[in-house]
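Examination of the molecular architecture
What follows is the residue order along each chain.
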Amino acid sequence: MRPSREHYREVVHYTPFHSRTARANVLNLWHRWRDHTVADAYFDVSLEYTALRNACAVFDLSPMTKHRITGPDALPFLNRLVTRDVAKIRPGRVGYCVWCDDRGQVIDDGTIFHLSENQYRLCSQERQLDWLSRSALGFDVTIREESEEVGALALQGPTSCSVLRALGLSGVEALTPFAMRSFPFAGGELLVSRTGFTGDLGYELWVAPNGAEALWDRLFEAGERYGLKPMGTHALEMSRIEAGYIQAGVDFLPADRAVRSDRTRSPFELDLGWLVDFAKPNFTGRRALLEEQRRGSRYRLVRLDVEGNKPAKDAYIYDPRRNVIGAVTSSMWSPMAKASIALASVQMPWGRPGEELWAEIYYQKELKWNRLNARCRVVKGAFYDPPRRRETPPPDF
Amino acid sequence: MTDARRAVVIGAGHNGLIAAAYLARAGRAVTVVEAATHVGGAAVTREFAPRFRVSAVAHLVHLLDPVIVRELDLRRHGLAFARERLRTVALNPDGEALIDDGGTLTGAGVSGTDQANYKRFLAQMRRFAAVLGRQHGRVPPRLAWERWTDAWPAAALGLDIRRLGRDDMREFLRIVTMPIYDVVEEHFDHPLLKGMLSLDAVLGTRLGARSGNTVFSYLHRLSGAAFGPGGGAALPRGGVGSVTDALAAAARLSGIEIRLGSPVAAIVVSEGRATGVRLASGEVLAADTVVSSADPKSTLLSLLGARHLEAEFAQRVQHLRATGTAAKLHLALSALPRFRGVPVEELGERLVIAPSADCADEAFNPAKYRRYSEQPILEVTIPTVHDATLAPAGQHVLSAIVQYAPYDLEGGWDAAREPFRKLLLDQLERYAPGIGALVVGQELLTPADIERDYRIKGGHWHHAELTIDQALMLRPVPGAAQYATPVTGLYLCGAGCHPGGGVIGAAGRNAARVIVRNEP
C-alpha cells in the first residue's frame, strides 16, 4: 500500500471505489476533495436526492481524513483535544465532536470512533495530523493518519437498513444511532456505523481498499430492489443543510486557517454548546470558552425559514430596523420542508428562536437581477427530521 | 498560622527564597522545598576541591535588586561584599592589558579618541539600561487589556522610553535589537575594547557578537546600578552563596519552613487547579498556591505536565529557547597566578579574554553546529584576592565563565569533557604562563552538568535565553508573563520570568506581589 506521507507525489488521487464510481458517473462531473476526485453528481442531482429521501443512496466518503489514535494516553489525549467528554463514548460507539485552539475557536468538527480499549479513530473533513501531533506533547499516544487505508461509503435513506440486511449483515437493525459493529465481509471485515451527514436513517461502511469494489458491487446487487442509487456531493449537500449540519470552510472558517480573528467561531457560536463539557478540568480552549460564557458570545448560528421560494444564497441578514447583523452561509429550497431554508451567522443578541429577521436576496431571471427583502423566521432544530433517524430497529421494507 | 493560606515554593534559589519571604510577610504559611541538601540553587558557594570553595554558577553580582536587599534587611542577615565596583581587565595576548575603571580606559595603548568615545558611549548605554532597570520591579504589561488598569504598565514602559528625549530614544530604538558587533564598530577602534564589550554582551547567552539582540543583552547586564554605576559588579564575601544564605536567614525569620533534600516529583493538580506538590518520597504537601522558581520547561512540562495545559500554550513552552552554552571552570591554585600584561594589583578584578569582536563572534560559530569553541572567550575572577574565606591561606581560587560549550554538544559531553578542559587550560596558559603548574584541583561544569546539578532544563543560566522575543511580556511565554500560569494556583517566580537571570531577585518579589493581589 502507498504510505500516506507519499501523497504529495501524485496530483490527483482516486478513491478505492473509483473504478465503480467512474462507471456510474454518466455525467462525468467531478471535483477535488482532499486531492481525491469525487463525483459532484452521477446522473441527476434531484433524482439522487429523491433516492436518498425516499429509498436510499450511496455516497463515496473515502477522502474523509481518518486518524488512528492508540496508546495508554489515547483517552486523556482525546479528552484534552476535543470539548466533549470522550470517556462517555463507550467502546463500539461513535461521538460527534469539535476541537478548538487555545482561543476557543473551532478548528474542525468530526467523529470519534471508539474501536476498542485505547483504540480510537478520529474522522474529519480537513487534514489534522499537524494539529493532532502538536497536541500530543506530553501524552503517551501514537497518531497515524490512515486515510488511505480505509475506504468508506455512506449508505443513507429509509431503505438503507433493509439493503444491509439483504447484503447478509444480520443483526444490523439492532444498531442504535451512533453505534457501530464489525461484520465479516468478502474474506475481510466490514465496519458498519449508524452515522451519517444527511439527517436521515443511514449507515457508514468502512472497508479495507481491497474490499472496496466488492462492497460496491454487492451493495448495488442487494440494493436493486430497494431503489439504491449513487449520490454525489450536491445531493449530500442538500441533505446536510436540511439536517441543519454545519460544514468546515462553508459555515465556519477553521481557526487554523483564519488570518482575521473575528472570522472564526466558537462552539457556542455554532450552536454546538452542547458539545462543551466544562466538567472536564482541562481541554484546549476551555479557559477562553469559560470566559466567553461569562462575557457572552459574539455570534449565533441560526437556522432560518425564509419567506418565498428564492434560495437566500449569500444573503445579508438584517434586523427589523434594517441594520446588517449577519449573513447566510448555506441555503437552498428544501423539497422536504417545502420551504426556502438557510443557515446564517448573526451578531448577538439576534437570532433567538422565533425571532423575525430579514434576508436581502439577489436572484437572476434571464440575466436580469432582482432584489428581494424576504422575511425570515428563526427556527429551532433540523428543517427535516424523520423519526426513522432514531428508531431502533428502523422501519423495514 | 493554621488558618493562613498555604503556599509551597519549589526551589530554594534566590528567587524562590525571595518569593517565600514576601509571601510570608503577607501572612501566608510558606514551605520551600529544595532538591539539594543546601539552599542557593544556582547562586551557591560550593567546595569543589578540598578546602577550596567557589561560587558554583554565577560568580559575580551585578543586578541584585537593592530594594530587596533593603526590604529583607539582607545586610543584617550576613550579606556583605568583599569588593564592589570591580574594574574590567581585557587581557592582551600580545602585551599590556586594557583596563576599564567604570568608564575610564587605560593601558594597551588605547587612544584618546577611544577613551572619550567610550565615556560618552557608556553614559548613553547606562541611560538606556536604566530604562530596562526601571522595569525590573514591575509586573510586565499585558498585551491584551481587559481592564483599563492593564494599560498602565505598558504606558509606563512607553513613557520611560519617551523620557529619554528625542535623540536618545531614536538611538535606543535603533540599536536595541542590533548585534553588539555593529555598534562597537561604529564607535571604537581598539580591538580589546571591542572584544570586551562583545564578551559582556554574549556572556551566558547562546548568541555571538554578530547575533541580533546582543545590544539588548548588554543593556540587561548594565541595568542594575547597586554596585557602581550601571554594570558595576560585586564579589559577595563568601561567594554568591552568601546572598542566598542571607535570604534563607531572612526568610526563616519570617517563619518559613525550608525542606532540604526534598525534590519535587510532580505538581498536584485537582479539577484544573494546582493543589500542592508531590515529593519524590511520595509525600504530598497540600497548598493553596504553588510557586515554582524552577525553569519554565521543568515546571510546566515536567513537574506539571503538558496535559494540564492547553495545546498551543504547551507548544509555546516547548519552543522556549533555553539551551545553555556557558560552562564554568574552577581551578584550585597553590599560589596567585600571574597574567601577562596585568599589574598584580589588578588580579582581583574581572579579567576577560576576548581579544576582539571578531574573536567573540568566531568563538560562537562552532556552537551553532553543536560543537565547542576551539578559541573560547572567558570571564575570569580570582575571588580569593579579596576574600580569604574561600581557600586555604596563600592559596587561590580561579573561577571562569567559558563560552561556548553547547548543552546539546554533538556526541555528548562525556567524551568531550577532557579535551575541552585541556583546551581551556591551554588557553589560560597563553595568558597566564605557568598557571598549569599551580593547579591543585579543578572542576569543569558543562551545561549538561548544570542541568543535572541545578535542575535547569537545558542548563541555561537565565533559565531561558534573554532576548527581546523572550523578554518583558513575552517572558517566558505569552500567557505566563505575569507570573500566573494558566493553571489556577500555579505561579512562576524564577529567572525564566521577567526580568530574567543574573541574580536580580525581582522575579521572586514581583511574583509574590501578583499572588497576594490575585489570591487575597
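Residues take numbers from 1 onward in each chain, read along the sequence in its written order. Chain letters and ligand numbers both follow the written order, the letters beginning at A and the numbers at 1. Under the rules for a predicted model, residues below a pLDDT of 70 receive no local features and side-chain atom pairs below 80 are neither given nor counted, while totals for whole chains, interfaces and linings still include all residues.

1. A short note on the overall build of chain A
Worth spelling out the cut-off: Numbering goes from the N terminus for both helices and strands, where a helix is a DSSP run of H or I of at least four residues and a strand is a run of E of at least two. Radius of gyration: over C-alpha atoms. The globule rule applied is 2.2 Å multiplied by the number of residues raised to the 0.38 power. Exposure classification rests on a simple neighbour count of other C-beta atoms within 10 Å of a residue's own: a residue reaching 20 or more is buried, one at 12 or fewer is exposed, and one in between is partly exposed. C-beta atoms are placed from the backbone. Contact between two residues is assigned whenever their backbone-derived C-beta positions fall within 7 Å.
Looking only at helices and strands, one finds 8 helices and 19 strands in chain A. Rg of the C-alpha trace for chain A: 21 Å, near the compact-globule value of 21 Å for 397 residues, within the 12% margin. If one aligns the C-alpha atoms of chain A with their principal axes, the spans along those axes are about 65 × 55 × 45 Å. In chain A, buried positions account for 48% of the 397 residues. In chain A, the proportion of contacts linking residues at least 24 apart, taken out of those at least 6 apart, comes to 68%.

2. Quick word on the overall build of chain B
Along the backbone of chain B there are 17 helices and 20 strands. Compactness check: chain B gives a C-alpha radius of gyration of 22 Å against a globular reference of 24 Å for 520 residues, within 12% of the reference. The dimensions of chain B, computed from C-alpha atoms along their principal axes, are 65 × 55 × 45 Å. The burial tally for chain B puts 55% of its 520 residues in the buried class. Put simply, of all contacts in chain B between residues at least 6 apart along the chain, 73% involve residues at least 24 apart.

3. Looking at the sheet that holds strand β9 (residues 151–156) of chain A
Residues and elements named next belong to chain A. The condition is simple: DSSP-based pairing: two strands are paired if at least 2 bridges between them are found. An axis is simply a line fitted to the C-alpha atoms; with a helix, the fit covers only the stretch in contact. Between two such axes, the angle follows the N-to-C directions and lies from 0 to 180 degrees.
Pairing is mixed in the open sheet, where 6 strands are placed in the order β10-β11-β12-β9-β3-β13. Two strands close off the open sheet at either side, each with one partner strand: β10 (180–185) and β13 (228–230). Along the sheet, successive strands turn relative to each other by an average axial angle of 25°, direction set aside. Both β10 and strand β11 (residues 188–193) contribute to a ladder of 6 bridges, which runs antiparallel. Following the sheet pairing, Arg181 is matched in β11 by Val192. Here helix α2 (residues 45–54) sits on the sheet in contact with β3 (56–60), β9 and β13, set at roughly 115° to β3.

4. Considering the domain arrangement of chain A
All names here are of chain A. To keep it simple, the criterion reads: The split into domains, and so the bounds of each, comes from an automatic or database assignment of domains. Gly counts as polar in this scheme, as do all residues outside two lists: the nonpolar Ala, Val, Leu, Ile, Met, Phe, Trp, Tyr, Cys and Pro, and the charged Asp, Glu, Lys and Arg.
On domain assignment, one finds that chain A holds domain 1 (4–62 + 150–243) and domain 2 (298–381). Look at where the C-alpha atoms of domain 1 and domain 2 centre, and you get two points 32 Å apart. With 5 residues of domain 1 in contact, the opposing surface of domain 2 contributes 8 residues. By residue number, the principal contributor to the side of domain 1 that touches domain 2 is helix α7 (residues 233–243), which donates 3 residues. Here the side of domain 1 that touches domain 2 is built from residues that sort into 3 nonpolar, no polar and 2 charged.

5. Some thoughts on the interface of chain A and chain B
By a widely used convention, the size of an interface equals the accessible area lost when the partners come together. Facing 15 residues of chain A, the contacting portion of chain B comprises 15 residues. Split into classes, the residues belonging to the side of chain A that touches chain B amount to 4 nonpolar, 5 polar and 6 charged.

6. Points about unusual backbone geometry
For the bond from Met348(A) to Pro349(A), the omega torsion is 5°, close enough to zero to count as cis. With respect to the secondary-structure elements, Pro349(A) resides in the loop between β17 (339–347) and β18 (356–365). In this structure, the amide linkage connecting Thr392(A) to the following residue, Pro393(A), adopts the cis form with an omega of -10°. Looking at the secondary structure, you find Pro393(A) in the segment after β19 (368–379). Positive phi, normally seen in glycine, also occurs at Leu472(B), with a value near 50°. Relative to the helices and strands, Leu472(B) is located in the loop between α16 (447–454) and β20 (490–492). At Tyr483(B), a residue that is not glycine, the phi angle is positive and equals roughly 80°. Looking at where Tyr483(B) falls in the secondary structure, it is placed in the loop between α16 and β20.

7. Considering the packing of α2(A) against α7(A)
All names here are of chain A. Going by this rule: With respect to orientation, any angle under 35 degrees is reported as roughly parallel, any angle over 145 as roughly antiparallel, any angle of 65 to 115 as roughly perpendicular, and every other angle as oblique. A clockwise turn of the near helix away from the far one marks a right-handed crossing, whereas an anticlockwise turn of less than a right angle marks a left-handed crossing.
Viewed as axis vectors pointing N to C, α2 and α7 meet at an angle of 50°, and their least axial separation amounts to 8 Å. When the axes of α2 and α7 are compared, the pair comes out oblique. Viewed along their axes, α2 and α7 form a crossing whose handedness is right-handed. Between α2, through Val45, Glu48, Tyr49 and Leu52, and α7, the contact on the second element is made entirely by His234, Ala235, Met238 and Ser239.

8. Details of the environment of Pro447(B)
All names here are of chain B. Following the sequence through the fold, Pro447 ends up in helix α16. By the C-beta count within 10 Å, which is 26 here, Pro447 ends up buried. Taking the C-alpha atoms as reference, Pro447 lies 14 Å from Arg421; in sequence the two are 26 residues apart. If we skip the residues at most four places from it in the chain, Pro447 touches Gly324, Thr325, Ala326, Ala327, Ala405, Tyr407 and Gly459.

9. Considering the domain arrangement of chain B
Residue and element names in this part refer to chain B. Domain parsing of chain B yields domain 1 (6–41 + 239–320 + 463–518) and domain 2 (117–221). The C-alpha centroid of domain 2 is placed 27 Å from the C-alpha centroid of domain 1. Facing 18 residues of domain 1, the contacting portion of domain 2 comprises 16 residues.

10. Digging into helix α7 (residues 191–202) of chain B
Our working rule: Helices are assigned an expected span. That span is 1.5 Å times one less than the residue count.
When the terminal C-alpha atoms of α7(B) are compared, their 16 Å separation across 12 residues agrees well with the 16 Å that a helix rising 1.5 Å per residue should span. Across the 12 residues of α7(B), 11 count as buried, placing the element largely inside the fold.

11. Considering the nonpolar core
Where a protein is soluble and globular, its nonpolar side chains tend to be buried together. Filter applied, for reference: For this analysis, nonpolar core means a set of buried Ala, Val, Leu, Ile, Met, Phe, Trp, Tyr and Cys residues linked through C-beta atoms within 7 Å.
Core analysis: the biggest nonpolar cluster contains 170 residues, and Ala20(B), Ala21(B), Leu247(B) and Ala511(B) have the highest contact counts within it. The leading source of residues in this core is helix α1 (residues 14–25) of chain B, at 8 residues. Of the domains in this structure, domain 1 (6–41 + 239–320 + 463–518) and domain 2 (117–221) of chain B are the two that each give at least three residues to this core. Ignoring any residue separated from it by four or fewer positions in sequence, one finds Ala20(B) in contact with Val9(B), Val30(B), Val32(B), Ala251(B) and Ile256(B). The next biggest cluster of nonpolar side chains, apart from the first, holds 107 residues, and it includes Val94(A), Ile246(A), Val276(A) and Ala359(A).

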